[in-house]
Amino acid sequence: MILKINPIKPELDKIRMAANAIREGKLAVFPTETVYGLGANALDDEACKRIFLTKGRPQDNPLIVHVSSIEMAEKLAEIPKEYLQKIRQAWPSPITFIVKKKNILPNSVTAGLETVALRMPAHPIALELIKEAGLPIAAPSANLSGKPSPTEASSVIEDFGDRIDIIIDGGPTFFGLESTVIDLETFTIARPGPFTIGEITKIFGKIPKIFKQTKEIAKPMSPGMKYRHYAPSKPLFLFSGDNESFVNIANNLGKSFCFIASNEICGRIYNEKAVKIRLGSSKNLYEIAKNLFSSLRAIDKFEPNFAICESFEEKGIGLAIMNRLHKACGGAIFADENRLKKFITAIK
Ligand code: TXA
Ligand code: MG
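To start, this report covers the structure provided alongside it.

Here is what the cut-offs are and how they apply
- Residues numbered from 1 in each chain as written.
- Chains lettered and ligands numbered in written order.
- Predicted model: local features only at pLDDT ≥ 70, side-chain atom pairs only at ≥ 80, totals over all residues.
- Heavy atoms only, no water.
- Helix = DSSP H or I, 4+ residues; strand = E, 2+ residues; numbered from the N terminus.
- Rg over C-alpha atoms; globule rule 2.2 N^0.38 Å.
- Contact = heavy atoms within 4.5 Å.
- Areas by Shrake-Rupley, 256 points an atom, 1.4 Å probe, with all protein chains shown as cover.
- Pairing = 2+ DSSP bridges.
- Axes fitted to C-alpha atoms, helices over the stretch in contact; angles between N-to-C directions.
- Core = buried A, V, L, I, M, F, W, Y, C linked by side-chain atoms within 4.5 Å.
- Buried < 20%, exposed > 50% of the residue type's maximum accessible area, 1.4 Å probe, protein only.
- Near = heavy atom within 4 Å.
- Polar contact = N/O pair within 3.5 Å; in protein donor to acceptor, adjacent residues only side chain to side chain.
- Nonpolar A, V, L, I, M, F, W, Y, C, P; charged D, E, K, R; others polar.
- Parallel < 35°, antiparallel > 145°, perpendicular 65-115°, else oblique.
- Left-handed = near helix turned anticlockwise from the far one by under 90°.
- Phe/Tyr/Trp six-rings, centres within 6.5 Å; stacked < 30°, edge-to-face > 60°.
- Lys NZ or Arg CZ within 6 Å of the ring centre and 35° of its normal.

1. Notes on the overall build of the protein
Okay, so step 1: Summing up its helical and strand segments, the protein has 13 helices and 17 strands in all.
Okay, so step 2: Here the C-alpha atoms of the protein give a radius of gyration of 20 Å, agreeing with the 20 Å that 2.2 N^0.38 yields for 348 residues.
Okay, so step 3: Intrachain contacts of the protein at a sequence separation of at least 6 include 66% that bridge at least 24 residues.
Okay, so step 4: As displayed, the protein offers around 15,200 Å² of accessible surface, 52% of which is attributable to carbon and sulfur atoms.

Laid out in C-alpha cells, this is it:
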C-alpha cells in the first residue's frame, strides 16, 4: 500500500497506520531527511531478518537503528557519558553514531557485532513514525542491495514493486545522501555524509579522523564498505581532470553517451550524441547531492550504454558526493583526457 503523507505536517491517521504495521512485525518504507529507509521493529528479530531478505542484503552488513529520543537510544546502547550532551546538541540530524550495543537488540540488526549504529532522523514523518510506533526502527536505505539509495518513492517502487507492506510517499528527501556514520570509540568517520567534518568539529570540539580503505587493510571499518554500491548496470567513468578537458572530451565523442554534470558544464556541451543529466549548479553542492542518486539511476533508463560524470571538490558535503561517485564508478576514475578516450573507444 502507498500512503501519501505531507512531509512537513504529517497526517496522524496515516502515520498511525504505518506505525501499527511496524508494531505487527511488517515492513514500512518511510522518508528521512537523507534517503528513504526500509523499516522494521528493531527489537523484532524476524522482522529485521525480512529486511535483509527483501533487499538481498549480505547478512554481515548491520542496520542503522532509528530513534526518536536520547532516552530510547540509551535503552539500546551504552552512550559514552562524555558525548551525551554533544549528541543531544547534534540530533536530530543526518549523523549516525556507532556505540556499544545492549543485549536487548537482536543479533540480526547488528550482524553479530558488539556495536550498534544509532541515528535520530531530522524528518517529521520519520520522527512521528518512531514516536507513534513507540519502538526503535531498524532501517537500511530502501533500495535493492547495490543500487543507488532512493531519494523519492518512485525509486523504491522501481526496485520492489508491491513486495513491501507499506510505502510512505513523502516527496523527495532533503539531502539525497545517506547519513554520516561516525564511530565514537575511535572518533573516526566510517562513511562521510551530509553532516560535515566542519559541523562535527564545531559540536564535539575535535576533528574526526576519516577512515580510508586501502588494499592493505583487510578488515573494513564498516561492513558495508566492502560491497559494491550505488552502481548503475552500465559503465560509469568519473573524470577528475580540469573542466576544459572534460568539455573537450564530451564535445568530441563520436558515440552516444550519458553526460552527468553540473548545469554550468552541461551548458557548454553541444554534442548531439550526449544525453545530458543535469545535477544542478556547481555553486551549490547541496543541490548536486540531492540530485545525485536519481541521476545515477537515470543512466539505466536512457539509450546510451555508458556514462561519464564530473568530479567535485571534496569539501563540506562534496566529500560525501565524491565518496558515492567513487563507489558508483567502481574505481574507473580518469584525470587524463587521452586515457579516458582510450577506454571509451573500447566500449561496444
Ligand atoms: O541516512 C541513512 O543513514 C539511511 C537512512 C534510511 O537513515 N540509512 C542507511 O542505511 O544508509 P544503510 O544500511 O544503507 O547503511 C548503513 C551503514 C552501512 O555501511 C553499515 O555497514 C554501517 O552503516 N553500519 C551499521 N552498523 C554498524 C556498526 N555497528 N559498525 C560499523 N558500521 C555499521
Ligand atoms: Mg544502503
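2. Quick look at the sheet that holds strand 13 (residues 236-239)
Whenever strands of a sheet pair, they do so through backbone hydrogen bonds, lying parallel or antiparallel.
Okay, so step 1: Strand order in the open sheet formed by five strands is 15-14-16-13-17, with parallel pairing between adjacent strands. Where the open sheet ends on each side, the last strands, each with one partner, are strand 15 (274-278) and strand 17 (333-334).
Okay, so step 2: The pairing of strand 14 (residues 257-261) with strand 16 (residues 307-310) spans three bridges and is parallel. Its bridge partner being in strand 16, Phe 259 is matched across the sheet by Ile 308.
Okay, so step 3: Contacts from helix 12 (residues 318-328) reach strand 13, strand 16 and strand 17 within the one sheet, and its direction differs from that of strand 13 by about 135°.

3. Looking at the nonpolar core
The tendency in soluble globular proteins is for nonpolar side chains to be buried side by side.
Okay, so step 1: Ile 87, Trp 91, Phe 97 and Leu 118 are the most contacted members of the largest nonpolar core, which totals 67 residues.
Okay, so step 2: Counting residues per element, this core draws most heavily on helix 6 (residues 124-133), at six residues.
Okay, so step 3: The contacts of Ile 87, once residues within four sequence positions are left out, are Ile 70, Ile 79, Phe 97, Leu 184 and Phe 204.
Okay, so step 4: With 27 residues, the next largest nonpolar core counts Leu 177, Cys 258, Ile 288 and Ala 298 among its residues.

4. Some details on the site of ligand 1
Okay, so step 1: Surveying the vicinity of ligand 1 reveals 26 residues, the closest of which are Thr 34, Asn 61, His 66, Ser 179 and Ser 222.
Okay, so step 2: Within the side chain of Thr 34, an N or O atom sits 2.6 Å from an oxygen atom of ligand 1.
Okay, so step 3: Contact between ligand 1 and Ser 141: an oxygen atom at 3.0 Å from a side-chain N or O atom of the residue.
Okay, so step 4: Considering ligand 1 on its own, with 690 Å² of exposed area, one finds that the protein chains cover 95% of that surface.
Okay, so step 5: Those elements that place two or more of their residues in the shell around ligand 1 are strand 3 (36-41), strand 4 (64-66) and strand 7 (115-119).
Okay, so step 6: Among the elements that line the shell around ligand 1, the one with the most residues is strand 7, at four residues.
Okay, so step 7: Considered class by class, the residues forming the shell around ligand 1 number 13 nonpolar, nine polar and four charged.

5. Some remarks on the packing of helix 1 (residues 12-23) against helix 6
Okay, so step 1: At a closest axis distance of 8 Å, the pairing of helix 1 and helix 6 adopts a crossing angle of 55°. Taken together, the axes of helix 1 and helix 6 are oblique relative to one another. Of the two possible hands of crossing, helix 1 and helix 6 adopt the one that is right-handed. Taking contact as the criterion, the partners of Leu 12, Ile 15, Arg 16, Ala 18, Ala 19, Ile 22 and Arg 23 in helix 1 are, on helix 6, Ile 125, Glu 128, Leu 129, Glu 132 and Ala 133.
Okay, so step 2: Of the residues that constitute the contact of helix 1 with helix 6, the class distribution is eight nonpolar, no polar and four charged.

6. Points about the packing of aromatic side chains
Given two aromatic rings, one states the distance between the centres and the angle between the planes to describe the pair.
Okay, so step 1: Overall, the coordinates contain 14 aromatic pairs when judged by the stated rule.
Okay, so step 2: Here the aromatic residues Phe 237, Phe 239, Phe 246, Phe 257, Phe 259, Phe 306, Phe 334 and Phe 343 are joined through ring pairs into a cluster of three or more.
Okay, so step 3: Directly above the aromatic system of Phe 187 lies the positively charged group of Lys 206, at a separation of 4.5 Å from the ring centroid.

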